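Report on the structure
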Amino acid sequence: VLELLRGVQRGSEDRRRSLSHLRRALQNKETQQKFVRLDGSIRTLIGLFTSSLADMQLEAARCLHELSHSSDPAVAEACLPATSYLLTYLSGHSVVFTELCLYTLGNLIVESEAVRKQLLPQGIIPVLASCIQSPHEAVLEGLGYVLSQLLQAKESPAEIIPLVLDSVLPQHMLRLVCSGLKAGTGAAVEFAWCLHYIVCSHTANAALLSLGALPALTSLLLDLASEIPQNAPEGLELLVCPVLRCLGNLLAEETGCESQIEDERLLIALFLILQSFLQQHPFIIPECLWLLNNLTADKPFFCSALLSLELLPALLQLLPCSQMASVLVLTILCNIAEKGPAYCQQRHWQPALPLLLPALALPDTEVVGQCLELLHLLFLHCPEAAADFLRQGGHGALEQHQSTPELQERARALLDVVRQLPGASAFSPCHPTLSTFS
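Residues numbered from 1 in each chain as written. Predicted model: local features only at pLDDT ≥ 70, side-chain atom pairs only at ≥ 80, totals over all residues. Heavy atoms only, no water.

As annotated in an unreviewed UniProt entry, the chain is TMCO6 protein from Pterocles burchelli.

Written out as structure tokens, the structure reads:
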């Protein structure tokens, strides 16, 4: 390592070759640590990085990029003197050089709070705001990476997000997310996650809503669903996921904003996405269900639409997918049943009752508890459902939970109901809008 550094410092004709060898050597973790401890090592790299020799400058940038991959905060902090130059070179030079500087910054931000603390007063947010006008996809994707690393920092809600909201970044991020459908671009994915991290801070929703985030993201989700063929193009799920989370988070934090998106096509889009990604990308299932829960939690519009579009059977088919899916499906069903007798008519729920019996047999108390809550609401608003449940063997399914401490009170109350209709209940509705999915 020392010999390579000396070769770089000597300024001989072989300097570029030494620099190239050094770059490859810096892919090794131990070499990175040894290099930054050598006297003058970073100073030499920065000297070449800021030189007028384009080939040397690019090779030095690649060396800095290799150092930025280190998981050792001491290595990241050794690169602190380079940060102001990395920012300066974001406005100009070649696309390759700008992209390299962006990813180097993003990597350093991940590993070191000291780097983040230095970048903010150096004006990283205004610089990034100017970069977002770039016509180059590679630059935009790198910019999205830097922003996503900044927005995930622990100090982000207090120190970074306010600066981002005061810039032009949010509206441009929203525009780029909503225009990134056809190419399935990496930049759109990065910026969608950036919006998600902003929403998760609980402080920025009003600003995003004022920019029209809710209708814009809803429209994007409708477009995504309409474009999905029989076999969804690879990578599209990476854009769908943060868009679902953004919508769900906005609905979770704001009251009354459901009226901005009262469009039953959104339900159809969600079920098309579920159907398309069910086999290959099952992680999308809870994302869709969580958004569906927040759509149905307070307002009756989507509850009515779900019933009128006859989507209940498709929803019930998701019960066995996973523990989380089971809880979310049952919570959504509770949201619907809670709305009253008109939503609990026997014709809607007759196919559901046989599917609840396997859920009651599961060893998971959260699933069973949510299932008991649903049965309580159905029996309360539609006594005929209790008789149906009894005929299908529901009595035995309830009896097995009489000795489970967390469930016995509700199980016994339901047994009373099925024995003598109508019966007293020990239940109270317990399915609010879910908190932020982060």
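1. Comments concerning the overall build of the chain
Threshold: A run of DSSP states H or I qualifies as a helix once it reaches four residues; a run of E qualifies as a strand once it reaches two. Both are numbered from the N-terminal end. All radius of gyration figures rest on C-alpha atoms, and the globule criterion is 2.2 Å times the number of residues raised to 0.38. The cut-offs for exposure are 20% and 50% of the maximum accessible area for each residue type, with area from a 1.4 Å probe on protein chains only; residues under the lower value are buried, those over the upper are exposed, and the others partly exposed. By the convention used here, residues are in contact when the closest approach between their heavy atoms is within 4.5 Å. Only the protein chains shown count as cover for residues, and the accessible areas themselves come from Shrake-Rupley with a 1.4 Å probe. The positive count covers Lys and Arg only, the negative count covers Asp and Glu only, and His and the chain ends enter neither. Where a charge sits is defined by one atom per residue type, namely NZ (Lys), CZ (Arg), CG (Asp) or CD (Glu).
Within the chain, the regular secondary structure consists of 28 helices and zero strands. Relative to its length of 438 residues, the chain is extended, with a C-alpha radius of gyration of 28 Å against a globular reference of 22 Å. Dimensions of the chain along its principal axes, counting C-alpha atoms only, are 95 × 40 × 40 Å. Looking at the chain residue by residue over its 438 residues, the buried ones come to 54%. Within the chain, residue pairs in contact and separated by at least 24 positions form 73% of the contacts whose partners lie at least 6 positions apart. When the accessible area of the chain is evaluated, it comes to approximately 18,400 Å², of which 52% is carbon and sulfur surface. Distance between charge centres in the chain, computed from 26 positive and 42 negative side chains, equals 9 Å.

2. What to know about the nonpolar core
The criterion, for reference: By convention a nonpolar core is built from buried Ala, Val, Leu, Ile, Met, Phe, Trp, Tyr and Cys residues, the set being connected through side-chain atoms within 4.5 Å. How far each domain reaches was decided by an automatic or database domain assignment.
Counting 157 residues, the largest nonpolar core has Ile124, Met173, Phe191, Leu221, Leu315, Trp349 and Phe379 as its most contacted members. When we break this core down by domain, the ones giving at least three residues each are domain 1 (1-122) and domain 2 (294-420). For Trp349, the residues in contact, after removing those within four places along its chain, are Leu312, Leu333, Ile336, Ala337, Tyr343, Cys344, Leu374 and Leu378.

3. Details of the pattern of salt bridges
Definition in use: A carboxyl oxygen of Asp or Glu within 4 Å of a side-chain nitrogen of Lys or Arg is what we treat as a salt bridge.
For the structure shown, the criterion picks out eight salt bridges. Notably, a salt bridge pairs Glu113 with Lys154, separated by 2.8 Å at the nearest N-O pair. Pair noted here: Glu113 is in helix 9 (residues 113-119) and Lys154 is in the loop between helix 11 (137-151) and helix 12 (156-165), with a separation of 41 residues, a long-range link. In this structure, the salt-bridge partner of Lys117 is Glu159, at a minimum N-O distance of 3.0 Å. Residue Lys117 is located in helix 9, and its partner Glu159 is located in helix 12; the two are separated by 42 residues in the primary sequence. Three or more residues are tied together by salt bridges with common partners; here these are Arg23, Glu59 and Arg62.

4. Details of the domain arrangement of the chain
Assigned domains within the chain: domain 1 (1-122) and domain 2 (294-420). Look at where the C-alpha atoms of domain 1 and domain 2 centre, and you get two points 60 Å apart.

5. Remarks on the confidence of the model for the chain
Cut-off, in case you're wondering: For every residue, the predictor states its confidence as a pLDDT score lying anywhere from 0 to 100.
A residue-level look at the chain finds 91% of positions with pLDDT of 70 or above and a mean pLDDT of 86. Segment residues 422-432: pLDDT under 50, and 27 contacts once partners within four positions in sequence are set aside and those in other chains are kept.

6. Re helix 18 (residues 265-277)
The condition that has to hold: To estimate how far a helix should extend, the number of its residues minus one is multiplied by 1.5 Å.
The first and last C-alpha atoms of helix 18 sit 18 Å apart over 13 residues, in line with the 18 Å expected at 1.5 Å per residue. Within the span of helix 18, buried status applies to Leu266, Leu267, Ala269, Leu270, Phe271, Ile273, Leu274 and Phe277.

7. So, the packing of helix 5 (residues 54-68) against helix 8 (residues 95-111)
Under the convention used in this document: Only C-alpha atoms enter the line fits that serve as axes; for helices the fit covers just the stretch in contact. Angles between N-to-C directions range over 0 to 180 degrees. Any angle that falls under 35 degrees is termed roughly parallel, while one over 145 is termed roughly antiparallel, one within 65 to 115 roughly perpendicular, and all others oblique. By convention, the crossing between two helices is left-handed when the near helix turns anticlockwise from the far helix through less than a right angle, and right-handed when the turn is clockwise. Classes in brief: Ala, Val, Leu, Ile, Met, Phe, Trp, Tyr, Cys and Pro nonpolar; Asp, Glu, Lys and Arg charged; the others, Gly included, polar.
As a packed pair, helix 5 and helix 8 sit with axes 9 Å apart at the nearest point and diverge in direction by 25 degrees. As far as their axial angle goes, helix 8 and helix 5 are roughly parallel. By crossing handedness, the relation of helix 5 to helix 8 is classed as left-handed. Note on element contacts: helix 8 touches helix 5 through Val96, Phe97, Leu100, Tyr103, Thr104, Asn107 and Leu108, opposite Gln57, Leu58, Ala61, Arg62, Leu64, His65 and Ser68. Per-class residue counts for the contact of helix 5 with helix 8 are eight nonpolar, five polar and one charged.

8. Here's the deal with unusual backbone geometry
What is expected of a backbone is that most residues other than glycine have negative phi and most peptide bonds are trans. In this structure, Glu310 takes a positive phi of about 55 degrees despite not being glycine. Among the structural elements, Glu310 can be located in the loop between helix 20 (301-308) and helix 21 (312-316).

9. Considering helix 12
Think of an α-helix as turning once every 3.6 residues; residues three or four places apart then point the same way. How we decide: Along the arc lie the directions from the helix axis toward the C-beta atoms.
Within helix 12, burial applies to Ser156, Ile160, Ile161 and Val164. One face of helix 12 carries all of its buried residues, which in axial projection span an arc of 95 degrees.

10. A short note on the packing of helix 8 against helix 11
It is the contact of helix 8 with helix 11, at a shortest axis distance of 8 Å, that shows an interaxial angle of 15 degrees. Taken as axis vectors, helix 8 and helix 11 run roughly parallel relative to one another. Like other packed secondary-structure pairs, helix 8 and helix 11 cross with a definite hand, here left-handed. Here Val95, Thr98, Glu99, Leu102, Tyr103, Leu105, Gly106, Asn107, Ile109 and Val110 of helix 8 come into contact with helix 11, specifically with Ala138, Val139, Glu141, Gly142, Leu143, Tyr145, Val146, Gln149 and Leu150. Split by residue class, the contact of helix 8 with helix 11 holds twelve nonpolar, five polar and two charged.

11. What to know about the environment of Leu19
Looking at the element boundaries, Leu19 is found in helix 2 (residues 15-25). Taking the C-alpha atoms as reference points, Leu19 and Pro300, 281 residues apart in sequence, are found 66 Å from one another.

12. Things to note about the packing of aromatic side chains
Definition in use: Between the rings of Phe, Tyr and Trp (Trp by its six-membered ring), a pair exists once the centres lie within 6.5 Å; its type follows the angle of the planes, with under 30 degrees stacked, over 60 edge-to-face, and the other angles tilted.
If you walk through the whole model with that rule in mind, you get seven aromatic pairs. Ring centres 5.1 Å apart and planes at 85 degrees place the aromatic pair Phe49 and Tyr89 in the edge-to-face group. Of this pair, Phe49 sits in helix 4 (residues 41-49) while Tyr89 is found in the loop between helix 7 (83-88) and helix 8, placing the two residues 40 residues apart along the sequence. Both residues of the pair, Phe49 and Tyr89, belong to the buried class. Residues Tyr89 and Phe97 carry aromatic rings whose centres are separated by 5.5 Å and whose planes lie at 70 degrees to one another, so their mutual orientation is edge-to-face. Every member of this aromatic cluster is reached through a ring pair, and the members are Phe49, Tyr89 and Phe97.

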